Amino acid sequence: MDKIFAKPLRVPEDGEKVYQLSKSEIERILRMRGLRTELQPGMGGENPWVLDDLLKESELVSVDLALTSACNFKCGHCYRPDEEWGKLLLEWETVSRAVNEAHELGVKYFILTGGEPFMYRSGGHDYFDVVDMIREMCGDDVYVLTFSDVALIDKEKAEKLAERKVGLCLKRDTLDHEVQDGIVGVTGGSKQMEMGYRNLWDAGYGSDKALPVSVNSVLRKGEFNTLVGIIDLHRWVRTNGMEHSIVPIHYCGEAETEDQKSGINPLEVKAAYDIIAYMDGVLFGDPWNVHSAFPKDKTCNRPTRGVHIRATGNVTSCSESPLIGQYIFGNIREEGLVDIIRSQKFQDFRKEFNRRDGKYICNPNVCDLNENNLCRGGCATRSAYSILDPETGLVVPNTDKTAYSQGREDPLCPGWIVLAQKQGALKEGVYEETVDYLLKQSYLEPSLTSEIRDEVVKKFNDLRIG
């Protein structure tokens, strides 16, 4: 895409706000994020204030266990480096020891991931043995949540998940079977995923509030374009009683493919979120305002509050953090989790990450989400690998991996477009063109399409002060 800025952004002056939130709006966001425990990337479904309260009584809130790097799919955009792909797992003894130490640290959220966690096998044990072991060691007051691509969930697994009240975050990027198959690299994969969803719905997911389930979608263009179908996918997700998490693709780790270079930008994210936010209000009675880099004002909560144990045994702050020395806190096979969390290295990282000193949009002086601890710079991984060019408004590679914890600014946050509109830096008509493009691709009723278009364009144009 050509540049979307007519002139460069300037650094905000003192008192110049991207977002200025009233007390009632802050309370509304907290209520929305505290309705129930649900799994979204970065613990995004949780109320950050609640997590910080938990940290007053414990040393760590959450632990991710990447049980295995084996996967039934091989998505082209996956961050997994070659050294991990399909070859590694956390042995049962290692998992057991890590869970025991996590319990000692006061961990309340255990997230089981992969690869595909349902492919986990170690010493005669499988995924459900891990879930049961966590319950036995830690009691019923902890949450067990799982990321899965859903394709391997048959009726038996769905019933076992429901019996154990495991919270799920599941994959689906598009309703187009051909495009989804292209993304996962498996012919028929999309229909396998669809069957997995049906099995879960039969078991109560999507209808029983005690069984939280969200759908995680990668927003991308290029050969396998999911941007064109995001509106219809969102309606499908919400119609079936699930929450929707959207992850715009970026330059990420080892997966720097042509698809990632195809140019998702914050304007497309802003327009898509504006549309689905309005849809949620009129179709599902669940209105929200667009501020953060995730739908429904959710943001990454994990770094400093939790850790990710990779299939290599390395302990990092999240699944995609840069694999450079300062962000690898230790290896679970070589030292205990308690020692790693209490180490000076991890404590120094906590202090560094908790500073918010972005230059444009991600600091307390210009963003009330940031000031009120509702957002800590969006996705830190995107900040490490990608950066927004303030001259063009487009996302380009970032060579400074330390941006993960220093001066991070998520290049795909809608806040960039809000700032550009307020400063008169956005090209005339590009927002309207993007909204029209997205709506034209959808199967929404013409009257609803017209209503959405009028409302979101008016609201966006009201931001302009110049």
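One can find the structure itself at the top, above this paragraph.
As the structure is a computational prediction, the values presented were derived from the model and not from experiment.

### What to know about the overall build of the protein
Check the secondary structure of the protein and you find 16 helices and 13 strands. Here the C-alpha coordinates of the protein stretch approximately 65 × 45 × 40 Å along the principal axes. The buried share of the protein, taken over its 466 residues, is 62%. Restricting the contact set of the protein to residue pairs at least 6 apart, pairs at least 24 apart contribute 73%. Total accessible area computed for the protein in this model is approximately 18000 Å², and 48% of it derives from carbon and sulfur atoms.

### What about the environment of Q344?
As for its position among the elements, Q344 is in helix α11 (residues 344-353). For the pair formed by Q344 and C138, sequence separation is 206 residues and the distance between their alpha carbons is 27 Å.

### Considering the side chain of E101
Take E101: it is sitting in helix α3 (residues 92-105). Buried charged residue E101 carries no salt bridge. Nearest counter-charge: R97, at 4.6 Å. Those residues in contact with E101, other than ones at most four positions away along the chain, are G336, L337 and V338.

### Topic: the pairing of strand β8 (residues 243-248)
A regular strand places its side chains on the two faces of the sheet in alternate fashion. Burial runs high along β8: 5 of the 6 residues are buried. Relative to β8, strand β7 (residues 213-219) runs parallel, the two sharing 6 bridges. Looking at β8, one finds that V215 is bridged to H244. Following the chain from β7 across helix α8 (residues 230-239) to the adjacent parallel β8, one finds a crossover that is right-handed.

### Topic: the packing of aromatic side chains
The final tally for this structure, using the stated rule, is 17 aromatic pairs. Taking the centre distance of 5.0 Å and the plane angle of 85° together, the rings of Y127 and F128 count as edge-to-face. Residue class for Y127 comes out buried when judged on its relative accessible area of 1%. Taking relative accessible area as the criterion, F128 reaches 6% and is therefore assigned buried. Between F353 and Y404, the ring centres sit 6.1 Å apart and the planes meet at 55°, which makes this aromatic pair tilted.

### Regarding the sheet that holds strand β5 (residues 143-148)
Reading across from one edge, β8-β7-β6-β5-β2-β1-β9-β10-β11 is the order of the 9 strands in this open sheet, with mixed pairing throughout. Unpaired on one side and paired on the other, β8 and β11 (330-331) mark the two borders of the sheet.

### A few points about α11
Of the residues making up α11, those classed as buried are F346, F349, R350, E352 and F353. Axial view of α11: buried residues confined to an arc of 170°, hence all on one face. Residues of α11 that are exposed and angled more than 90 degrees away from the buried face: Q344 and K351. Against the buried residues of α11 lie α2 (48-55), β9 (306-309), α10 (337-342) and α13 (380-385).

About the cut-offs
- Throughout, residues of each chain are indexed from 1 in the direction in which the sequence is written.
- For this predicted model, a pLDDT threshold of at least 70 governs which residues receive local features, and a threshold of 80 or more governs which side-chain atom pairs are given and counted, while totals over whole chains, interfaces and linings are taken from all residues.
- As a rule here, side-chain values come from all non-hydrogen atoms in the structure, and water together with hydrogens is ignored.
- Put simply, DSSP H or I for four residues or longer makes a helix, DSSP E for two residues or longer makes a strand, and each gets a number counted from the N terminus.
- Note on exposure labels: buried denotes an accessible area under 20% of the residue type's maximum, exposed denotes more than 50%, and partly exposed covers the range between, all computed with a 1.4 Å probe on protein chains only.
- In this analysis, two residues are considered to be in contact whenever any of their non-hydrogen atoms come within 4.5 Å of each other.
- In these tables, accessible area is a Shrake-Rupley quantity obtained with a 1.4 Å probe, and a residue counts as shielded only by the protein chains included in the view.
- For this count, His and the chain ends are skipped, Lys and Arg are scored as positive, and Asp and Glu as negative.
- Counted as salt bridges are all cases of a side-chain nitrogen of Lys or Arg within 4 Å of a carboxyl oxygen of Asp or Glu.
- Two strands qualify as a pair provided DSSP detects at least 2 bridges between them.
- With strands facing away from the observer, any crossover in which the path from the first strand over the helix to the second runs clockwise is taken as right-handed.
- The pairing test for Phe, Tyr and Trp rings, Trp by its six-membered ring, is centres within 6.5 Å, and the orientation test on the planes gives stacked under 30 degrees, edge-to-face over 60, and tilted for anything in between.
- Here the arc refers to the set of directions running from the helix axis out to each C-beta atom.

Scope: geometric values only; no functional claims are made or implied.
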